[in-house]
Amino acid sequence: AVVSTQSTGKADSVVVLLCRQPCAAQTSLKDMNWDQSQWQPLINDRSFLPWLVKIPTEQEQLRVRQITAAQINKLEEMWKEDPGKTVEDLDKPGIDEDPQAVMLRYEDAYQYQNVFAPLVKMEADYDRKL
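Cut-offs applied
Residues numbered from 1 in each chain as written. Predicted model: local features only at pLDDT ≥ 70, side-chain atom pairs only at ≥ 80, totals over all residues. Heavy atoms only, no water. Helix = DSSP H or I, 4+ residues; strand = E, 2+ residues; numbered from the N terminus. Contact = heavy atoms within 4.5 Å. Areas by Shrake-Rupley, 256 points an atom, 1.4 Å probe, with all protein chains shown as cover. pLDDT = per-residue confidence, 0-100. Phe/Tyr/Trp six-rings, centres within 6.5 Å; stacked < 30°, edge-to-face > 60°. Buried < 20%, exposed > 50% of the residue type's maximum accessible area, 1.4 Å probe, protein only. Salt bridge = Lys/Arg side-chain N within 4 Å of Asp/Glu carboxyl O.

*Asks:* Honestly, the overall build of the chain in this entry has me stumped. Any pointers?
*Replies:* Along the backbone of the chain there are five helices and five strands. Taken from N to C terminus, the helices and strands of the chain fall in the order β-β-α-α-β-β-β-α-α-α. Contacts spanning at least 24 positions in sequence make up 29% of the contacts within the chain whose residues lie at least 6 apart. Here the chain has roughly 11,400 Å² of accessible surface; of this, 54% comes from carbon and sulfur atoms.

This is how it looks when you write it as structure tokens:
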């Protein structure tokens, strides 16, 4: 990833261009008269440059919590319904409840209904969102 600054007649402006190496070598960029000598990496020593992403203070680092990729995915799903949801909402009861597994054989119709009714409701809720 690189960044390039462009100077115009009236004022200097910063143009951020995120690009991987194969993209940067394309001839179409050379045709645009970009001054590649002004390009700088956005990542240094395995971290973003401080002007791009603020370095957390010691107090902020003490508040850090480890979350898994599954928790991130669940939070992103929750944001689709309510953008105000937070990581704390993941700990609330009922959030991670998975429906019962479908079986090959059921003892009776009651057991069948208890397994499939939540699945049908989930599908209906999903279809309403679309």
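From this point on, the discussion continues.
*Asks:* Quick question: what am I supposed to make of the confidence of the model for the chain here?
*Replies:* The predicted structure's coordinates, where accompanied by low pLDDT, should not be read in detail. Per-residue confidence for the chain gives a mean pLDDT of 78, with 70% of residues at or over 70. Mean pLDDT across the elements of the chain ranges from a minimum in strand E1 (residues 2-7), with 51, to a maximum in helix H5 (residues 109-129), with 90.

*Asks:* Would you mind showing me how to read the packing of aromatic side chains here?
*Replies:* Each aromatic ring pair is summarised here by two numbers: the centre-to-centre distance and the angle between the ring planes. Overall, the coordinates contain three aromatic pairs when judged by the stated rule. Summarising the aromatic geometry, the rings of Tyr 106 and Tyr 112 are spaced 5.2 Å apart at their centres and angled 85 degrees between planes, so their arrangement reads as edge-to-face. On the accessibility criterion, Tyr 106 (22% relative accessible area) is partly exposed. Joined through ring pairs, the aromatic side chains of Tyr 106, Tyr 112 and Phe 116 make up one cluster.

*Asks:* Please clarify how the pattern of salt bridges should be interpreted in this entry.
*Replies:* Should the charged atoms of two oppositely charged side chains come close, the side chains can pair. Applying the stated criterion across every chain yields a total of five salt bridges. Glu 77 is the partner of Lys 80 in a salt bridge, and the nearest nitrogen-oxygen pair spans 3.0 Å. Of this pair, Lys 80 and Glu 77 both sit in helix H4 (residues 69-81), three residues apart, which is roughly one turn of the helix. Residue classification places Lys 80 among the exposed residues on the basis of a relative accessible area of 65%.

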